[in-house]
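Survey of secondary and tertiary structure
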Amino acid sequence: MIEPVVNKESHGRALRRIEELWDAEPGSPEAQELDALATLVDAYERKQFPIAPPDPIAAIEARCEQLGWTRKQLEPLIGSRARVSEVLGRRRALTLPMIRKLHASMQIPAEVLIAPPPHSRGKPPPRRTSGRSTHGKGTKRAA
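What this report covers is the structure whose coordinates are included nearby.

Definitions and cut-offs
Residues numbered from 1 in each chain as written. Predicted model: local features only at pLDDT ≥ 70, side-chain atom pairs only at ≥ 80, totals over all residues. Heavy atoms only, no water. Salt bridge = Lys/Arg side-chain N within 4 Å of Asp/Glu carboxyl O. Helix = DSSP H or I, 4+ residues; strand = E, 2+ residues; numbered from the N terminus. Buried < 20%, exposed > 50% of the residue type's maximum accessible area, 1.4 Å probe, protein only. Polar contact = N/O pair within 3.5 Å; in protein donor to acceptor, adjacent residues only side chain to side chain. Phe/Tyr/Trp six-rings, centres within 6.5 Å; stacked < 30°, edge-to-face > 60°. Contact = heavy atoms within 4.5 Å. Expected span 1.5 Å × (residues − 1). Core = buried A, V, L, I, M, F, W, Y, C linked by side-chain atoms within 4.5 Å. Arc of directions from axis to C-beta.

The next subject is the pattern of salt bridges. A full pass over the atoms with the stated rule returns 8 salt bridges. Where Glu86 meets Arg83, a salt bridge forms, and the shortest distance between an N and an O atom there is 3.6 Å. Of this pair, Glu86 and Arg83 both sit in helix H5 (residues 81–88), 3 residues apart, roughly one helical turn. Taking the relative accessible area as the measure of exposure, Glu86 reaches 25% and is therefore partly exposed. Through salt bridges with shared partners, one network takes in Arg17, Glu20 and Glu33.

We now examine unusual backbone geometry. A positive phi angle, near 65°, is found at Arg90, a position not held by glycine. Within the secondary structure, Arg90 is located in the loop between H5 and helix H6 (96–106). With phi around 55°, Gln107 is a residue other than glycine that occupies positive phi space. In this fold, Gln107 is placed in the loop between H6 and helix H7 (110–113).

The next subject is the side chain of Ser10. Note on placement: Ser10 falls in helix H1 (residues 8–21). Judged by its relative accessible area of 2%, Ser10 is buried. In terms of polar contacts, Ser10 uses its side chain to reach the backbone amide nitrogen of Val6, at 2.9 Å.

With that settled, consider the packing of aromatic side chains. One pass over the structure, following the stated rule, counts 1 aromatic pair. Between Tyr44 and Phe49, the aromatic rings sit 6.4 Å apart at their centres with planes inclined by 85°, giving edge-to-face as the arrangement.

Before going further, it helps to spend a moment on the side chain of His11. By secondary structure assignment, the location of His11 is in helix H1. Looking at His11, its side chain comes within polar contact range of the side chain of Glu45, at 2.7 Å. With residues up to four places along the chain from it excluded, the contact list for His11 reads Val5, Val41, Tyr44 and Glu45.

Across its 14 residues, H1 extends 20 Å between first and last C-alpha, which sits within 8% of the 20 Å expected from 1.5 Å per residue. Within the span of H1, buried status applies to Ser10, His11, Gly12, Ala14, Ile18 and Leu21. Residues of H1 that are buried make contact with helix H2 (29–48). Its side-chain oxygen at 3.2 Å from the backbone nitrogen of Glu9, Asn7 defines the N-terminal cap of H1.

Formed by 18 residues in total, the largest nonpolar core has its most connected members in Ile60, Leu74, Ile78, Leu94 and Leu102. For this core, the secondary structure elements donating two or more residues are helix H3 (56–67), helix H4 (75–78), H5, H6 and H7. In this structure Ile60 touches Leu74, Leu88, Leu94, Leu102, Met106, Ile108 and Leu113, once residues within four positions along its chain are discounted. In terms of nonpolar packing, the next biggest core, distinct from the first, is built from 8 residues, Ala14, Ile18, Leu21 and Val41 among them.

Let us now look at H6. Owing to its 3.6 residues per turn, the α-helix aligns residues three or four sequence positions apart on the same side. Residues Met98, Ile99, Leu102 and Met106 constitute the buried set of H6. For H6, the arc enclosing every buried residue in end-on projection is 100°, short of the 170-degree limit, so these residues lie on one face. Away from its buried face by more than 90 degrees, H6 exposes Arg100 and Ala104. Of the surrounding elements, those touching the buried residues of H6 are H3, H4, H5 and H7. Once H6 ends, the next one or two residues include Gln107, with phi positive near 55°.

Pasting the structure below:
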């Protein structure tokens, strides 16, 4: 009998049974049981261990690595060398034109590129370390 997968113990039992059924003949009752158990395990794992999509910059960096691209090859898509550095350094957000070019040229899903950066997902934004005040006209802070 197939039981629900609702905790670690039932998850473990289901995984062991899936292993036993792995080579079931297609169309057999065992193959149907395997399919049902796999569906239950998948639902449980999606709920218990969700996988967050990558942040846009991590996705760009990973795709560059896959393609063997350097930062120089991002310039037509993002802008100047300085702009590429700012974007990859997470100091400047991607713009809609950048997103369109990156999506078309690198085949990165648009929904990944438009995702909010990690600091807006509950993490604080990067701290300023320039020594300049964030208020006023850029005067140095008193030590």
